[in-house]
Amino acid sequence: EQAVRAEEDTVAVTIENRIAWVRFNRPEKRNCMSPKLNRQMLKVIEELEFRDDVGVLVLSGEGDAWSAGMDLKEYFRETEAQGLWAIRKSQREAYRWWNRLRWYEKPTIAMVNGWCFGGGYGPLYACDIAVASDDAQFGLSEINWGILPGGGASKVAADLMPLRKAIYHAMMGENLTGPQAAAQGLVTESVPHAQLKARVTEIAEALLKKDGHALRATKWAVRRMIDMTYENAEDYLIRAQEALHSYGGVAARKEATRQFLDEKSFKPGLGTFDT
Ligand code: ACO
């Protein structure tokens, strides 16, 4: 039996070749999110965000689970016993790191190695790319224990899945496998479990070869576009491209154009220029 984990042990991190592997680290509780874990996760991701030796963040889980959602004991029952302010505080601790991750300066990948339930949809959506194991299971299990999918979980389903699938998923409390989650838009793709880490590493390495400022501008733009009119989006994108020029964007673009038009050493349609 595992003793109660110290707050700083609820998240594990390894940095390798500019990839930060961040892991929910309560495998004995299927990585469900307690207030301690939420506080620690915010600290960890904020620290990694501005480090030069980190180019991509991968979020995965220790053991069999990605995350079994919110901790029914520590996040719900114990907090509710302390009253409204305690509830609001622990909600904020959770939402704060999901929000930070949604608007992260660096590319993020969810490597969904197993169970992903309810509140887990917040960080799932926050990651730019999500790769699931074929053996992973996704569920809006809230309805199975008498609540609605709150904490953004319904919004995630509505944003990512076709409406008919989202409503069914939220009302029935049935799980989806990795391939089903990919078919319904909840994750980017699903791969056999044995290939999961290799596939995520391959994506991370491809991202590391691209211009970091352009990636940041691109991911924010796509997320911002969701609730903009066409006209607003068009204008936002002009401003975003011009802002990008202040961060070395012009030099990178000139060099890429030179490699394509003059040196003929690469084709933008077939790969990334040599930075
Ligand atoms: N909250 C609190 N404790 C949890 C949670 C959770 N979300 N998930 C797992 N645990 C605990 C279990 O209580 C158990 O604790 P114990 O060892 O002290 O008894 C331990 O983790 C292991 O869990 P088991 O159920 O024994 O593991 P198993 O592998 O058999 O099942 C499964 C895994 C399917 C994930 C199961 O634990 C489960 O259904 N968890 C709840 C999933 C869920 O519905 N989460 C809430 C979503 S709604 C929301 O997030 C708002």
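Everything below is about the structure shown above.
Residues numbered from 1 in each chain as written. Predicted model: local features only at pLDDT ≥ 70, side-chain atom pairs only at ≥ 80, totals over all residues. Heavy atoms only, no water.

**Student:** Could you give me a rundown of unusual backbone geometry, with the residues and numbers involved?
**Tutor:** Its identity is not glycine, yet Arg18 carries a phi of approximately 70 degrees, on the positive side. Its place among the elements puts Arg18 in the loop between strand 1 (11-16) and strand 2 (19-24). Look at Arg18 and you get partly exposed, because its relative accessible area is 39%. Positioned with a positive phi, Asn31 is a non-glycine residue whose angle comes to about 60 degrees. Of note, Asn31 is situated in the loop between strand 2 and helix 1 (35-49). The buried category is assigned to Asn31, whose relative accessible area is 0%. (Helix = DSSP H or I, 4+ residues; strand = E, 2+ residues; numbered from the N terminus. Buried < 20%, exposed > 50% of the residue type's maximum accessible area, 1.4 Å probe, protein only.)

**Student:** Now, about the sheet that holds strand 3 (residues 56-61): what can you tell me, with residues and values included?
**Tutor:** Strand order in the open sheet formed by six strands is 1-2-3-5-7-10, with mixed pairing between adjacent strands. Lying at the two open borders of the sheet, with one neighbouring strand each, are strand 1 and strand 10 (189-191). Taking each pair of neighbouring strands and ignoring which way they run, the sheet shows an average axis angle of 20 degrees. With six bridges joining them, strand 1 and strand 2 adopt antiparallel strand pairing. Looking across to strand 2, one finds that Val13 is bridged to Val22. Helix 1 rests against strand 1, strand 2 and strand 3 of the sheet, and its axis sits at about 20 degrees to strand 1. (Pairing = 2+ DSSP bridges. Axes fitted to C-alpha atoms, helices over the stretch in contact; angles between N-to-C directions. Contact = heavy atoms within 4.5 Å.)

**Student:** Outline the sheet that holds strand 8 (residues 137-139), listing residues and values.
**Tutor:** Within the open sheet, the four strands sit side by side as 4-6-8-9. Their pairing is mixed. Of all the strands in the sheet, just strand 4 (65-67) and strand 9 (176-177) have a single pairing partner and so form its edges. With two bridges joining them, strand 4 and strand 6 (residues 115-117) adopt parallel strand pairing. Following the sheet pairing, Ala65 is matched in strand 6 by Trp115.

**Student:** Tell me what's going on with the environment of His245, and back it up with residues and numbers.
**Tutor:** Mapped onto the elements, His245 comes out in helix 10 (residues 230-261). Spatially, the C-alpha atoms of His245 and Lys210 are 16 Å apart, while their sequence positions differ by 35 residues. With sequence-adjacent residues up to four places away left out, His245 is seen in contact with Val250 and Arg253. At 3.2 Å, the side chain of His245 and the side chain of Gln241 are in polar contact. (Polar contact = N/O pair within 3.5 Å; in protein donor to acceptor, adjacent residues only side chain to side chain.)

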